[in-house]
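Reading the structure
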Amino acid sequence: MLQATDWADVKVVGIPRALLFYRFGVLWTTFFESIGRTVVVSDPTDKAIADEGDHLSVDECCLASKVFVGHVESLVGRCDAVFVPCYPTGEPRTGFCTKFQSATDMVRNTFRDQKLRVISCEVSSARKMKDVRRAFEEMALRMGVSLKDARAAFKAAWDAQRAHDEAQADAQDRTLRRVDEQRKVARAAVAAGEDVAFPLGILVVAHPYITHDPYLSSAVIDSLTDMGATVIYADAMDHERSYKKSFDFSGTMPWLINRELIGAILLAQDRIDGIVLISAFPCGPDSMTDDAIMRCIQGTPILNLMIDAQSGTAGVETRVESFVDILRFQQKGGYVHG
């Protein structure tokens, strides 16, 4: 049976800067560029993109999905086809929210009147290289690429994503080590009778499409940094170590990225002063996992924030500032009397 090449005329591929782009975007862009395609990534999220996505989406969609739809709309007319992969739950404990399973069909139906072309692939297990490779090779064949070139492109893409992930994980390790060293200096200063400001290490726990989208997270991240706190990103810590550590928390949790976030909390808990949870309303997986984190993670203060399309930033900033003030008060008391 001959392989269909119905996507062979797609020369410019659009990629929405949303959802799993913030986790697998390096792999995606490197792969398409390696098979000779031009990649157009949508512009960073702004109010216009978010508002358009809200307008095109049903009310029940979470904020992250609405933003994603806005990014897709912004690519109409700028590319030959938009890349919207499907990440179904292929096996227990490595799955994704249903929005990642239905994204391809949702986009095709939402933009059917604009006749937007969508190219896709189905990745049955994001943790298994052979499953990811098979999906991308099959897509490349439909784009008229030879199997040999598809395999070479995937290797380059997989290696690039791995290097990117390792660099992010190394950055978080360096940040944690810097906070550890600053604490040692502060303790020595207190012992010498000096009045010093103690370092604060805050672990931000959120899906990467929230953490690394400034439009969605800047009110939180900027408030933390403006108050002198050092931010560590849970989603950027070592994915493999975090995933394995998550089984100390739950043996049945079905969602891969939530597992990695919880594992990162367990790995970093003894080296941080507080945790900030950020969720996009109304995220189904987060509604369960964030509640479990609040109940089961003991000994570390936690601030739980929910962001949506209607709320302004003033309330968020006030809560973050209050949280940091409380941490500083408790921390100073602990060092002085501990």
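Now for a description of the structure that goes with this document. (Residues numbered from 1 in each chain as written. Predicted model: local features only at pLDDT ≥ 70, side-chain atom pairs only at ≥ 80, totals over all residues. Heavy atoms only, no water.)

Some details on a negative patch on the surface
On the surface, a cluster of negative charge is contributed by Asp222, Asp226, Glu321 and Asp325. When residues of the negative patch are traced back to their parent elements, those giving at least two are helix H8 (214-226) and helix H12 (314-337). Look at Asp226 and you get exposed, because its relative accessible area is 66%. (Patch = residues over 30% accessible without salt bridge, like charges linked within 9 Å, V, L, I, M, F, W, Y side chains within 5 Å. Areas by Shrake-Rupley, 256 points an atom, 1.4 Å probe, with all protein chains shown as cover. Salt bridge = Lys/Arg side-chain N within 4 Å of Asp/Glu carboxyl O. Lys, Arg positive; Asp, Glu negative; His and termini not counted. Charge placed at Lys NZ, Arg CZ, Asp CG, Glu CD. Helix = DSSP H or I, 4+ residues; strand = E, 2+ residues; numbered from the N terminus. Buried < 20%, exposed > 50% of the residue type's maximum accessible area, 1.4 Å probe, protein only.)

Structural notes on the pairing of strand S5 (residues 201-205)
Within S5, five of the five residues are buried, which leaves it mostly tucked inside the rest of the structure. Burial along S5 is two-sided: Gly201, Leu203 and Val205 and Ile202 and Val204, pointing in opposite directions, are all buried. Where S5 and strand S6 (residues 230-233) come together, four bridges link them in parallel fashion. The residue of S6 that forms the bridge with Val204 is Tyr233. Where S5 meets strand S7 (residues 274-280), four bridges bridge the pair, whose relative direction is parallel. Directly across from Val204, in S7, lies its bridge partner Val276. (Pairing = 2+ DSSP bridges.)

As for helix H3 (residues 63-75)
For H3, spanning 13 residues, the distance from its first C-alpha to its last is 19 Å, which sits close to the expected 18 Å at 1.5 Å a residue. With respect to burial, H3 is a largely interior element, 12 of its 13 residues being buried. Leu63, Ala64, Ser65, Lys66, Val67, Phe68, Val69, Gly70, His71, Val72, Ser74 and Leu75 are the residues of H3 that are buried. Gly77 sits one or two positions beyond H3 and adopts a positive phi of about 85°. (Expected span 1.5 Å × (residues − 1).)

Description of empty space enclosed by the protein
Inspection of the entire model under this criterion finds four cavities of 30 Å³ or more. Taken as a whole, the largest cavity spans an internal volume of roughly 100 Å³. Per-class residue counts for the lining of the largest cavity are 12 nonpolar, no polar and no charged. Taken together, Tyr22, Arg23, His164, Asp165, Gln168, Pro208, Asp235, His239, Ile257, Glu260 and Leu261 make up the lining of the second largest cavity. Of all the secondary-structure elements, those providing two or more residues to the lining of the second largest cavity are helix H1 (21-34), helix H6 (147-191) and helix H10 (256-268). Split by residue class, the lining of the second largest cavity holds four nonpolar, three polar and four charged. (1 Å grid on protein atoms, 1.4 Å probe; cavity = no way out; pocket = protein on both sides within 12 Å on 5 of 7 lines; lining within 4 Å. Points joined across faces, edges and corners; volume = space filled by probe spheres on them. Nonpolar A, V, L, I, M, F, W, Y, C, P; charged D, E, K, R; others polar.)

Looking at the packing of aromatic side chains
Applying the stated criterion across every chain, the model contains 13 aromatic pairs. For the pair Tyr87 and Phe96, a centre-to-centre distance of 5.4 Å together with 65° between the ring planes defines the contact as edge-to-face. An identical accessibility class is assigned to Tyr87 and Phe96; each is buried. Just above the ring of Tyr243 sits the side chain of Arg127; from NZ or CZ to the centre is 3.8 Å. The ring centre of Phe247 lies 4.0 Å from the NZ or CZ of Arg259, which sits over that ring. (Phe/Tyr/Trp six-rings, centres within 6.5 Å; stacked < 30°, edge-to-face > 60°. Lys NZ or Arg CZ within 6 Å of the ring centre and 35° of its normal.)

Observations concerning the environment of Arg174
Take Arg174: it is sitting in helix H6. Since its relative accessible area comes to 46%, Arg174 is described here as partly exposed. Sequence separation of Arg174 and Ile232 is 58 residues, and the distance between their C-alpha atoms is 9.9 Å.

As for the nonpolar core
By size, the foremost hydrophobic cluster in this structure holds 102 residues, and its most contacted members are Phe32 and Phe136. Residue contacts for Phe136: discarding those within four places in its chain leaves Leu27, Trp28, Phe31, Phe83, Cys121, Val123 and Phe154. (Core = buried A, V, L, I, M, F, W, Y, C linked by side-chain atoms within 4.5 Å. Contact = heavy atoms within 4.5 Å.)

Considerations on the side chain of Asp286
Secondary-structure assignment places Asp286 in helix H11 (residues 284-296). Lys99 is the oppositely charged side chain nearest to the buried, salt-bridge-free Asp286, at an N-O distance of 7.4 Å. Only 3.1 Å separates the side chain of Asp286 from the side chain of Ser279, close enough to count as a polar contact. With residues near it in sequence (within four places) discarded, Asp286 still touches His207, Asn258, Ile278, Ser279 and Asp291. (Polar contact = N/O pair within 3.5 Å; in protein donor to acceptor, adjacent residues only side chain to side chain.)

That's the geometry; what it means functionally is another story.
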